[in-house]
Structures are given as C-alpha cells and as structure tokens.
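# Chain and residue survey
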Amino acid sequence: MMYPMNLMRLSVFSAFNLLIFLTACSSLSENGSFPVARVDQPYTVPASLFDSDYQKDVSFSVFEIDPAEEPSLDLADAESEVVPAKTQEKNPDVVPAIEVVVNEKVKRLINFYLHRKRAELIKGIKRSGRYADLISRILREEKVPVNLIYLAGVESNYQIRARSRANALGMWQFMRRTGIEFDLKSNRWIDERYDVESSTRAAARFLKYLHKRFGSWELTMAAYNAGETRVRSAIRKAKSRGKKTDFWSISPYLPRETRNYVPAFMALNVIFSDLESFGLADVKLDKPIPQDRVVISTKYSPYEVAQRLKLRYQDVKVLNYFLIREIPPLTEKEYYLYIPAGHQKSLEESIKNNPKPIFAKWKIQASYAYRSSSMIRLLQKHGDRFYVRVRRGD
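Note that this is a predicted model, so its numbers are computed, not measured.

What follows covers the packing of helix 4 (residues 118–141) against helix 11 (residues 256–273). Contact pair helix 4 / helix 11: the axes reach a minimum separation of 12 Å and the direction vectors enclose 70°. Relative to helix 11, the element helix 4 lies roughly perpendicular. When the axes of helix 4 and helix 11 are compared, the crossing they make is right-handed. Residues Leu 121, Gly 124, Ile 125 and Ser 128 of helix 4 pack against Leu 268, Ile 271 and Phe 272 of helix 11.

As structure tokens, this is what we get:
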C-alpha cells in the first residue's frame, strides 16, 4: 500500500496521525463484522497532544445530541489527512468505501469519545455485534458504501428503540414523514422505523437519493441530518463568499449539530476499524440473532407464535419491536413478523395441523387492554378476542 509522502512531515501529531492512518486503512472486514478487541490495559490518548481546553471545545456526542457550545475551529482551509479506504477487489457491484478525513475536529472527537463518552461507546460497540452482518449485507445489496454502517452509530449508538427530542425513531432516526416516503409503515399497529432490516434498507435508499443530488458522501450525510434545504442554503452562502462548496467549507453555515455530524462519522470510522489499538480490548460483541421473516394471518399473535414454537415470548418480542402494541395489525388480514431462524417450517406445520387459534374468540386477554377506550373498541371490532379493562385485584 502506498502512503502519502507528507506522512513523514507531520508535526506534533505525527505519532497519533500515523496510528489513525494505519487503523483506518483496515476498515470493515469482508463480511462486514467489527474486529474483536482485547482489554488488557486502558488506552489513553495523551492529553498533551491536544489543546488544554479540548473538552470544552468538543460538545457533540454521537449518543445524545446536545446543542451546547460550538467548537470554534474553522476547518475550511485547515490541514487534513485523507485516509484511503481499504483496497477492494475490482468488482463493479461493490461500491468503494467513503474515504476517511482526519483533521483537527475529528481528532478531538476521537479523544472525546475515548474519554468522556467511553462508557456509552463501549455499549454501542457491544450492540453493534448483533446487527453488523445484517446492516452490511443490506448496504451492499443497495449498492452504497458499507462503512455507512457507522452512521447508525452516530444516529443512535445502535439502539433499535432510540427516540430523539424531535421524535425521530429507530436505529436510523427517521422522522415519520420521511420514513413513509421511503416505504416505512407507521400507524397505530406498526412502526417500521423500529424494524432494523426495513429501516436500514430505507436509510440506504434515502442516502443513495441524496448522493445523486449532492454528488458527495460528506454532503449526503449532512443532508441526511439537516435536510436538503439547509445544505443547499449553506452551499449558496459559501458560494456568495467565494468559498468552496465541500462539506468542510460550508460547515460554518450549517446547524451546530450538523457541523459535528460528519466529523463524528469519521471519528467512529477510525475507532471501530481497530478497537484493539484504542484499548477497547475484550469488549464482547453481542451475538447476532439469525432470524426468518414469516407472513401469517392476523389471527395468530406473536405470543401465540412463541407458544406454538415452544419459545419464550421474549425471544420473539425482541425481534419484533416494530409491532408497537405487541399484537397483529387487526385491520389487516395478514402481517409479517420475525422468528428465530430454523423455526419457519415448524410454524407452518403447526398452523397447518391446527389452524384454529389457541386463543378462542371472546377469551379475555387482560394484557391487551389499553387505557384508551377508542383502542378497546377497535380491538373488540376487529379482533378475535374480547378485550376488557381490568384493575389490579379484579
């Protein structure tokens, strides 16, 4: 691999830059999994490498967006290092990874996460293990850069049920209107923003749409966060002042959160690409849960599916958070849900041999009663059970 000649001429940050350059060059593995790390001794970035006030300058958290004070750095003309993406085989079906830019702001964010947000970072690393293969596969299928997987870390720290103050939901933090535009159902029964597979596919298509508009993945990510209108407005302002129209040049004209959004993606790219070098050793990744998607009649609830398969209800529930009331959409004839892999044939046979629902009509299911009287009436009208409101002790 060829390294830039100016790598030998780095100033006080030379050692740190070299570490970042080498780790980021080895991005995702071929199957999209994150490397397994070891924790022997905590890794600490020497504070002397940074300005003494770096902590108050860096306010952005990838885990909790907080509009605090804005870093005063103007990186439009600042020195930065472009880290080449990992060399890939010549394959027209594989989209090259997004190049990682390491500049002053990215370095400060790396240090910020490794210190002040270390606990949250470790939680995100653990959670990522469950979804890395699934997300990477969908990103490849949708023909977008696979290292966009780190954008889910920026958005939600890989939490399925994340909710922002603006009511954006899910791992990819879709607003309801945007989700619907990209074929995510959102109604009183189902919210597919909580469905990792559906929301990842919608996010990939949304990002692909934005990339066609802006032609740059950095501007694409900015638009994903702030919206097309704000990014176009920032581009116009930069043009009127004789500046370039790349992300780093228009950054001063973007909202505070978005100014740090793309650098956060770069920082997570570097950290996740080589966990061991950053002292995040032996962080045990959550194991993936292989799953099958099945389409069944709304007569069969997720609870009944678990009973027919002799599984704990929790094992089915954890795969179907998008069923927001934990019951089928009773206004429809069929619905889909996920079950642990290897059980699809058993479920089909169970329904074929015993098509009558376990829960007979009019059977009282107190756990399905809700405080809303309109919801109870709707359940009574469309369900095959009788729903009543009960109080403790009744």
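Residue placement: Thr 220 occurs in helix 8 (residues 217–226). Of note is the side chain of Thr 220, whose polar atom sits 3.4 Å from the backbone nitrogen of His 211. For Thr 220, the contacting residues outside a window of four places in its chain are Leu 207, Leu 210 and His 211.

Right, let's talk about the environment of Phe 174 for a bit. Here Phe 174 lies in the loop between helix 5 (149–156) and helix 6 (176–181). Assessed through its relative accessible area of 2%, Phe 174 is described here as buried.

Along the chain, Arg 308 turns up in helix 12 (residues 302–308). Within the structure, Arg 308 has its side chain in polar contact with the side chain of Ser 350 (distance 2.8 Å). Apart from residues no more than four positions distant in its own chain, Arg 308 is found in contact with Tyr 300, Leu 347, Ser 350, Ile 351, Asn 354, Pro 355, Lys 356, Pro 357 and Ile 358.

Attention now goes to the pairing of strand 4 (residues 334–340). For strand 4, the buried fraction is high: six of the seven residues fall into the buried class. Note that strand 3 (residues 291–297) and strand 4 share seven bridges and pair antiparallel. Within strand 4, the position partnered with Ile 296 by the bridge is Tyr 335.

Another aspect to go through is a positive patch on the surface. Together, Arg 213, Arg 232, Arg 236, Lys 237, Arg 241 and Lys 243 give the surface a local cluster of positive charge. Top contributing element to the positive patch by residue count: helix 9 (residues 228–240), with three residues. Within the element layout of this structure, Arg 232 appears in helix 9. What makes Arg 232 partly exposed here is its relative accessible area of 32%.

The next thing to look at is the packing of aromatic side chains. Summed over the entire model, instances satisfying the criterion amount to 14 aromatic pairs. On the basis of an interplanar angle of 45° and a centroid distance of 4.9 Å, the ring pair of Phe 182 and Phe 206 is categorised as tilted. Remark: Phe 206 occurs in helix 7 (residues 196–214) and Phe 182 occurs in the loop between helix 6 and helix 7; sequence separation between them is 24 residues. Residue Phe 206 is classed as buried on the basis of its relative accessible area of 13%. When the centroid spacing of 6.5 Å and the interplanar angle of 20° are considered together, the rings of Phe 206 and Tyr 209 count as stacked. Separated by three residues within a single helix, Phe 206 and Tyr 209 lie in helix 7, roughly one turn from each other. Among the aromatic residues, those joined into a cluster by ring pairs are Phe 174, Phe 182, Phe 206, Tyr 209 and Tyr 224.

Conventions we followed
Residues numbered from 1 in each chain as written. Predicted model: local features only at pLDDT ≥ 70, side-chain atom pairs only at ≥ 80, totals over all residues. Heavy atoms only, no water. Axes fitted to C-alpha atoms, helices over the stretch in contact; angles between N-to-C directions. Helix = DSSP H or I, 4+ residues; strand = E, 2+ residues; numbered from the N terminus. Parallel < 35°, antiparallel > 145°, perpendicular 65-115°, else oblique. Left-handed = near helix turned anticlockwise from the far one by under 90°. Contact = heavy atoms within 4.5 Å. Polar contact = N/O pair within 3.5 Å; in protein donor to acceptor, adjacent residues only side chain to side chain. Buried < 20%, exposed > 50% of the residue type's maximum accessible area, 1.4 Å probe, protein only. Pairing = 2+ DSSP bridges. Patch = residues over 30% accessible without salt bridge, like charges linked within 9 Å, V, L, I, M, F, W, Y side chains within 5 Å. Areas by Shrake-Rupley, 256 points an atom, 1.4 Å probe, with all protein chains shown as cover. Salt bridge = Lys/Arg side-chain N within 4 Å of Asp/Glu carboxyl O. Lys, Arg positive; Asp, Glu negative; His and termini not counted. Charge placed at Lys NZ, Arg CZ, Asp CG, Glu CD. Phe/Tyr/Trp six-rings, centres within 6.5 Å; stacked < 30°, edge-to-face > 60°.

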